[in-house]
Amino acid sequence: MTAHPPPLPFLGLGSEAALRALADALPDALFTTDLDGRVTYWNPAAQRITGWTPGEALGRDCSILAGDAVHGCACGVGPIRCGLVEQGRTSKTCSLRTKDGRLLLIVKNAVPLYAPDGRPAGALESFTEVGEAGFEPRCDWRPDARDEADFCGLVGRHPAMQELYRTIGLVAHSNATVMILGESGAGKECVAEALHRGSRRAAGPFVRVSCSALNENLLESELFGHVKGAFTGALRDRRGRFQEAHGGTLLLDEIGDVSPTVQVKLLRVIEQREIERVGDSSPIKVDVRLLCATHRDLKSMVEAGRFRADLYFRLAVFPIRVPSLREHVEDLPLLARSWLDRLVAGGGPRPLGISPAALDRLAAYRWPGNVRELQNVLEFAALRAGTGPIDVAHLPAEVVQPPQGAPIPTGAARPESPAPAPDAPLDRERLVEALAACGWNRTAAARRLGISRVTLWKRLKAFGISGPDA
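Residues numbered from 1 in each chain as written. Predicted model: local features only at pLDDT ≥ 70, side-chain atom pairs only at ≥ 80, totals over all residues. Heavy atoms only, no water.

Undergrad: Can you walk me through unusual backbone geometry in this structure?
TA: For residues besides glycine, phi is generally negative; the peptide bonds are generally trans as well. One non-glycine residue, Glu-254, lies in the positive phi region at around 55°. Positionally, Glu-254 belongs in the loop between β12 (249–253) and α9 (260–272). Judged by relative accessible area, which is 11%, Glu-254 ranks as buried. In this structure, Trp-367 takes a positive phi of about 55° despite not being glycine. Structurally, the position occupied by Trp-367 is in the loop between α13 (356–364) and α14 (370–385). Of the residues examined, Trp-367 reaches a relative accessible area of 0% and is grouped as buried. (Helix = DSSP H or I, 4+ residues; strand = E, 2+ residues; numbered from the N terminus. Buried < 20%, exposed > 50% of the residue type's maximum accessible area, 1.4 Å probe, protein only.)

Right, here's the structure in full:
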């Protein structure tokens with residue numbers, strides 16, 4: 001008599017045969033457990049990825065996965081106690097141990113299953129393989145480090161940063177395409193560099209392209225290269241950034257600003273792993289690990305029809321979110337110390353530290369520009385402090401003067417002078433102060449002063465100011 005596989009515990013959800021055929025066809029691993037945490041279904045993809053056959057997996061609890069995929073799981077006391085389900089998370093990056101002992105990086109999902117009467121019936125879990133997790137990243141961060149908290153250029157000990165470090169360490173060694181999300185100035189480029197330095201491609205090139213800095217035609221040439229005569233001004237053949245990044249990593253910064261035409265060409269490159277230079281029809285194979293970064297909400301752009309859904313899903317294979325400075329403001333003293341050390345190493349002023357009152361003011365500020373703005377503020381304050389400690393009086397006006405109605409932190413001194421009114425005379429000193437606070441970014445300085453960029457340019461010309469050494 002032929003033995004039949006046990007029924008799938010999709011209670012009350014329709015034809016078992018149809019559901020089994022659907023689950024068997026999935027490219028991702030999928031399995032179910034009963035109330036005791038024992039495996040009741042194991043699809044072909046789960047066998048392919050783990051090496052465990054259905055006959056070996058059925059009836060065993062989820063500890064068969066080993067690794068940290070079962071970290072926090074209380075096997076034997078019910079699937080609702082699964083660490084992932086209990087935390088209310090829909091997905092988690094973790095690792096599992098295959099039958100032959102390899103450690104794999106996976107993205108795991110888990111949801112509880114309930115009977116029609118509402119009683120718990122089991123759990124459904126799925127996972128997608130990202131790559132092998134046996135490669136040690138080339139970064140110096142150690143979880144037990146007490147005196148330093150610098151991970152490949154990223155600084156912080158807050159749990160949000162610790163989770164970021166762990167995620168980078170897990171995915172760095174794979175070839176998975178990574179989407180780096182976060183506010184402007186939060187450190188997305190540092191994350192990209194950490195991913196490259198921690199990968200097997202670390203000896204290869206790390207190439208960056210700012211997609212927002214070039215128009216459609218220039219960006220296409222920048223990415224894919226061109227041949228002589230392809231357009232006016234193309235006086236010689238030129239290699240594109242994809243070719244320059246061959247064997248290494250390519251970061252597409254501000255990917256949300258890419259035009260529909262370039263989106264189509266990027267999709268073709270991702271699918272076929274080959275490019276065509278502008279003015280040429282001969283395909284060129286490229287071996288590139290692709291990273292992209294954006295501060296935009298690409299999901300909303302997809303829904304609005306401004307970004308291709310098929311390209312989005314190919315780019316967002318492994319999303320990483322970089323926390324804003326507001327989310328780990330407790331790390332501000334570490335960040336300040338790290339940046340001032342770099343400033344001194346680069347030949348800048350050597351302040352004697354930062355006063356507690358100044359740190360209080362820095363911690364109370366909202367930091368719309370995140371870590372990048374903090375760096376500009378500290379450089380400005382260090383220049384004003386000279387060889388003494390940075391105090392409240394040395395900080396820019398918008399940091400010293402809290403928002404209307406915001407409390408002054410305990411221990412913080414009152415500002416020595418109020419922030420200049422928006423209609424205050426634009427003298428040379430005020431212009432230089434605004435430019436220095438914005439890292440000599442004229443657009444940011446104009447916004448800070450409440451004037452147009454053209455007006456700022458005219459005032460700079462009138463005062464003969466051309467750069468930071470003026």
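Undergrad: Looking at this model, I keep getting lost on helix α17 (residues 442–449). Mind explaining?
TA: The set of residues buried in α17 consists of Ala-445, Ala-446 and Leu-449. Projected down its long axis, α17 carries its buried residues within an arc of 100°, all on one side. Where α17 ends, the next residue or the one after it, Gly-450, has phi of about 75°, a positive value. (Arc of directions from axis to C-beta.)

Undergrad: Can you help me understand the pattern of salt bridges in this one?
TA: Working definition: two side chains of opposite charge can pair if their charged atoms are close together. Inspection of the entire model under this criterion finds 17 salt bridges. Among the ionic pairs, Arg-201 bridges to Asp-287, the shortest N-O distance being 2.6 Å. A residue pair is termed long-range when its members are at least 10 positions apart, and Arg-201 in the loop between α6 (188–197) and β9 (206–210) and Asp-287 in the loop between β14 (284–285) and β15 (289–294) qualify at 86 residues. A salt bridge links Glu-271 to Arg-314, with the nearest nitrogen and oxygen atoms 3.0 Å apart. Of the two residues, Glu-271 sits in helix α9 while Arg-314 sits in helix α11 (residues 309–315), which places them 43 residues apart along the sequence. Exposure remark for Glu-271: the relative accessible area of 45% places this residue in the partly exposed category. Among the residues examined, Arg-314 registers a relative accessible area of 31% and is labelled partly exposed. Salt bridges sharing partners connect three or more residues here, namely Glu-222, Arg-238, Arg-241 and Glu-244. (Salt bridge = Lys/Arg side-chain N within 4 Å of Asp/Glu carboxyl O.)

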